[in-house]
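# Summary of the model geometry
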Amino acid sequence: MPVTRRTFLAVAGASAAGAVALGAGSAAAMAAEGPSARVSPAEALERLKRGNTRAANGRTVQRNYSPLAQTPAKGQEPFAAVVSCADSRVVPDTVFDMVPGNLFVVRNAGNSIEEVGLGSLEYGVAVLGVSLIVVLGHTRCGAVIATEDTIKTGEMPPPSIDSVVQAIEPALLPLPAGHSIDDAIAANATYQARQVQALSPLIAKETAAGTVGIVSGLYGLASGRVTWLA
Ligand SMILES: [Zn+2]
């Protein structure tokens, strides 16, 4: 059943209770880092850092990868939301060595914040109880490179690819001439993270209260490591 705005807001209005009710009794929500009952933003970030270190060092937690062995079917208690690029090489669950049920993931080309994605993040915060939002850029991002090309040439890509470029362009325009592509990718990730805060009063209220954190990171395709930006 689709979640209508009415039902969403009804549940969001009782966010803490809603998060508990949805996940209560979900023994299957056990994960590499333990059960995902609401943690502090700092603890959520530490979990991701530990997971990325495991993954980058090739020391992932051994698991049965059958979906039925890992998926908490009765409810979910993800502790973090990740906005990542749609790039096939960037898979947040493997970047952070997590299992189904740990991460609430929004993906699109260029890891930008658009309306449906923002609504998804609000759902993650208000209903599912995530305590950290990560905007994850990555090296060699084709969406950012395409935006750089558009800025240089003035030629927009065809619809609807132009919407990808338009979402990234404001992040790159303030950059000085001669900046590197990694500078542009990092600038986009930090810009999109700020957009979450700027565009969502619901999430801004949680960050002001200290119950939700927003950070950005740059994932290195060659190293497997996330460099945290803000
Ligand atoms: Zn990308």
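Since the model is a prediction, treat every value here as computed from it, not as a measurement.

## Structural notes on the overall build of the protein chain
What the protein chain contains, in helices and strands, is 10 helices and five strands. Expressed as a percentage of its 230 residues, the buried residues of the protein chain come to 47%. Of the contacts formed within the protein chain by residues at least 6 apart in sequence, a portion of 69% connects residues at least 24 apart. For the protein chain, the exposed area adds up to about 11,200 Å²; of that, 59% sits on carbon and sulfur atoms.

## Regarding the coordination of the zinc ion
Donor atoms from the polypeptide that coordinate the zinc ion comprise C85 (SG), H138 (NE2) and C141 (SG), at 2.0 to 2.3 Å from the metal. On the primary sequence, the residues serving as donors to the zinc ion are separated as C-x52-H-x2-C. Taken together, the positions of C85 in strand β1 (residues 80-85) and C141 in the loop between β3 (132-138) and α7 (142-153) put the pair 56 residues apart, joining distant regions of the chain. In this structure, C85 and C141 share a single accessibility class: buried.

## Quick word on the sheet that holds β3
One open sheet holds the five strands; their spatial order is β2-β1-β3-β4-β5, and the pairing between them is mixed. Two strands bound the open sheet, and with one partner strand each, they are β2 (103-108) and β5 (226-228). Pairs of neighbouring strands in the sheet enclose a mean axial angle of 25 degrees, with direction left out of account. Strands in contact with helix α9 (residues 181-199) are β3 and β4 (213-219); relative to β4, the strand with the most contacts, it is inclined by about 160 degrees.

## Some words on the nonpolar core
If you look at the biggest cluster of nonpolar residues, it comprises 19 residues, and the most contacted ones within it are L121, I133 and V196. Breaking this core down by element, the ones donating at least two residues are β1, β2, α6 (115-126), β3 and α9. In this view, I133 contacts A81, L121, V125, V196, I203, V212, G213, I214 and V215; residues no more than four positions away in its chain are not counted.

## Concerning the side chain of S131
If you trace the backbone, S131 turns up in the loop between α6 and β3. S131 sits in the buried class, given a relative accessible area of 0%.

## What about the layout of surface pockets?
Counted as a void, the second largest pocket has a volume near 180 Å³. Surrounding the second largest pocket, I145, E148, D149, I151, K152, L172, L173, L175, G178, H179 and I181 form its lining. Counting residues per element, the lining of the second largest pocket draws most heavily on α7, at five residues.

## What to know about the pairing of β4
The buried fraction of β4 is high, at six of seven residues. Remark: six residues form the turn of the hairpin made by β4 and β5, two consecutive strands paired antiparallel; G224 in that turn has positive phi of roughly 80 degrees.

## Focus: the pattern of salt bridges
As enumerated under the stated definition, the model contains four salt bridges in all. Put simply, R47 and E43 hold a salt bridge, and the shortest N to O gap is 3.4 Å. One end of the pair, R47, and the other, E43, are both in helix α3 (residues 41-56), four residues apart, so they sit about a helical turn from each other. On the basis of relative accessibility, which here comes to 28%, the residue E43 falls in the partly exposed class.

## Focus: the packing of aromatic side chains
A complete count under the given rule lists two aromatic pairs for this structure. Across the ring face of F79, the terminal group of R47 is positioned such that the distance to the ring centre comes to 4.9 Å.

## Examining α3
In a regular helix each residue adds 1.5 Å, so 16 residues correspond to 22 Å; α3 covers 22 Å between its end C-alpha atoms and thus fits that length. Residues P41, A44, L45, R47, L48, G51, N52 and R54 constitute the buried set of α3. Along its buried surface, α3 packs onto β1, α5 (92-95), β2, β3, β4 and β5. In the stretch just after α3, G58 is the one whose phi turns positive, near 70 degrees.

What counts and what doesn't
Residues numbered from 1 in each chain as written. Predicted model: local features only at pLDDT ≥ 70, side-chain atom pairs only at ≥ 80, totals over all residues. Heavy atoms only, no water. Helix = DSSP H or I, 4+ residues; strand = E, 2+ residues; numbered from the N terminus. Buried < 20%, exposed > 50% of the residue type's maximum accessible area, 1.4 Å probe, protein only. Contact = heavy atoms within 4.5 Å. Areas by Shrake-Rupley, 256 points an atom, 1.4 Å probe, with all protein chains shown as cover. Donors = N, O, S within 2.8 Å, 3.2 Å for Na, K, Ca; no water. Pairing = 2+ DSSP bridges. Axes fitted to C-alpha atoms, helices over the stretch in contact; angles between N-to-C directions. Core = buried A, V, L, I, M, F, W, Y, C linked by side-chain atoms within 4.5 Å. 1 Å grid on protein atoms, 1.4 Å probe; cavity = no way out; pocket = protein on both sides within 12 Å on 5 of 7 lines; lining within 4 Å. Points joined across faces, edges and corners; volume = space filled by probe spheres on them. Salt bridge = Lys/Arg side-chain N within 4 Å of Asp/Glu carboxyl O. Phe/Tyr/Trp six-rings, centres within 6.5 Å; stacked < 30°, edge-to-face > 60°. Lys NZ or Arg CZ within 6 Å of the ring centre and 35° of its normal. Expected span 1.5 Å × (residues − 1).

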